[in-house]
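Overview (structure and organization)
Listed below are the residues making up each chain.
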Amino acid sequence: MFEMFFSTYLSSTIRFLFLLAPFFVVTMFLALTRGLPIAEKTSIIRRACVSAFILGVILFFAGPLLFNAIGITLNSFRIGAGSLLFLTAISLVNSGTRNHATGLPEEDRDDIAVVPLAIPVMIGPATIGAIMVYGAELKAVPEVAGGLLGLVSGLLILAGLLRLSGYLEKALGKTGLNIMSKISGLILSAMAAEIVLTGIAGFIASTSGA
């Protein structure tokens, strides 16, 4: 049981961390909070991560309910969500940015923690689908616990990177952060391919069995 929990926790932490596209989020955070005092930046990081966690938990458990409600299978959703995630990965590899969150809001906002930082910069359409797929795949209690703790760990690592964003910008520069985003996109593309191929294999197995 502990081995199942620990292996799920490790894999989930890595999955969720790359799903969040941390270096792209760091780049957007730097642009959105330029000139703000450290205390306000810290508050924004905390509220953004809490908002992303609440949405992530809802999505984590919403998959099976949604699939049953609209009458689609997990394998079909895997193919759709994986394809959307692959498009996001391509955008990260090509330009270092996510295709759904490439610009800053035109108007000044009193609170940027939830919109646009938590949604859609941290959790966008492709991430939503992937979280629902991963949540639906975990059945046993140790797996579910490991998955949820992995989500928490991924967000904590991201929060740490955001706290160190000023140092990262000085050390890596905009070009370095862009390169790291592209590397994240490459890993994300492999994750997307795995989701799609699993969905295709499951769909073929279910139809041949029928």
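On a predicted model such as this, the values are computed, not experimentally measured, just so you know. (Residues numbered from 1 in each chain as written. Predicted model: local features only at pLDDT ≥ 70, side-chain atom pairs only at ≥ 80, totals over all residues. Heavy atoms only, no water.)

Below, the discussion takes up the overall build of the chain. Within the chain, the regular secondary structure consists of eight helices and zero strands. Mapped in sequence order, the helices and strands of the chain form the string α-α-α-α-α-α-α-α. Relative to its length of 210 residues, the chain is compact, with a C-alpha radius of gyration of 18 Å against a globular reference of 17 Å. By its C-alpha atoms, the chain is 60 × 35 × 30 Å across when sized along the principal axes. Counting the 210 residues in the chain, one finds 43% classified as buried. (Helix = DSSP H or I, 4+ residues; strand = E, 2+ residues; numbered from the N terminus. Rg over C-alpha atoms; globule rule 2.2 N^0.38 Å. Buried < 20%, exposed > 50% of the residue type's maximum accessible area, 1.4 Å probe, protein only.)

As enumerated under the stated definition, the model contains three salt bridges in all. Across the salt bridge formed by Glu137 and Arg15, the nearest N and O atoms sit 4.0 Å from each other. Of this pair, Glu137 sits in helix α6 (residues 125-137) while Arg15 sits in helix α1 (residues 2-19), and the two are 122 residues apart along the sequence. A relative accessible area of 26% means that Glu137 is categorised as partly exposed. Relative accessible area serves as the criterion here: at 25%, Arg15 is assigned to the partly exposed category. Salt-bridge contacts for Arg78 lead to Glu137; the nearest nitrogen and oxygen are separated by 3.0 Å. Taken as a pair, Arg78 in helix α4 (residues 74-95) and Glu137 in helix α6 lie far apart in primary sequence, 59 residues in all. Arg78 gets classed as buried once you look at its relative accessible area, which sits at 12%. Salt bridges linked by common partners bring Arg15, Arg78 and Glu137 together as one network. (Salt bridge = Lys/Arg side-chain N within 4 Å of Asp/Glu carboxyl O.)

This part takes up the layout of surface pockets. Here the idea is plain: a probe the size of a water molecule rolls over the atoms and shows the empty space left. One number sums up the size of the largest pocket: a volume of about 260 Å³. In this structure, the largest pocket is lined by 13 residues; those nearest its centre are Ile38, Lys41, Arg163, Ser165 and Gly166. Those elements that place two or more of their residues in the lining of the largest pocket are α2 (22-32), α3 (38-70), α7 (141-163) and α8 (165-209). The biggest single contributor to the lining of the largest pocket is α8, with five residues. (1 Å grid on protein atoms, 1.4 Å probe; cavity = no way out; pocket = protein on both sides within 12 Å on 5 of 7 lines; lining within 4 Å. Points joined across faces, edges and corners; volume = space filled by probe spheres on them.)

Once that is clear, we can look at the nonpolar core. Counting residues in hydrophobic clusters, the biggest one holds 53 residues, and the most contacted among them are Leu19, Leu85, Leu117, Met122, Leu162 and Leu188. Only α1, α2, α3, α4, α5 (113-122), α6, α7 and α8 provide two or more residues apiece to this core. Discounting residues that sit within four places of it in the chain, Leu188 has contacts with Phe18, Leu19, Leu85, Thr88, Ala89 and Leu92. (Core = buried A, V, L, I, M, F, W, Y, C linked by side-chain atoms within 4.5 Å. Contact = heavy atoms within 4.5 Å.)

Our focus in this paragraph is the packing of α2 against α7. The contact between α2 and α7 brings their axes to 10 Å, and the two run at 40 degrees. With respect to α7, the element α2 is oriented oblique. Viewed along their axes, α2 and α7 form a crossing whose handedness is right-handed. Contacts from Pro22, Val25, Val26 and Phe29 in α2 reach Leu158, Leu161 and Leu162 in α7. In the contact of α2 with α7, the residues fall into seven nonpolar, no polar and no charged. (Axes fitted to C-alpha atoms, helices over the stretch in contact; angles between N-to-C directions. Parallel < 35°, antiparallel > 145°, perpendicular 65-115°, else oblique. Left-handed = near helix turned anticlockwise from the far one by under 90°. Nonpolar A, V, L, I, M, F, W, Y, C, P; charged D, E, K, R; others polar.)

Between Val115 and Pro116 the backbone carries a cis peptide bond, its omega angle lying at 10 degrees. Here Ile119 and Pro120 are connected by a cis peptide whose omega angle stands at 10 degrees. Turning to its location among the elements, Pro120 is positioned in helix α5. Look at Ala21: it is not a glycine, yet its phi comes out positive at around 50 degrees. Of note, Ala21 is situated in the loop between α1 and α2.

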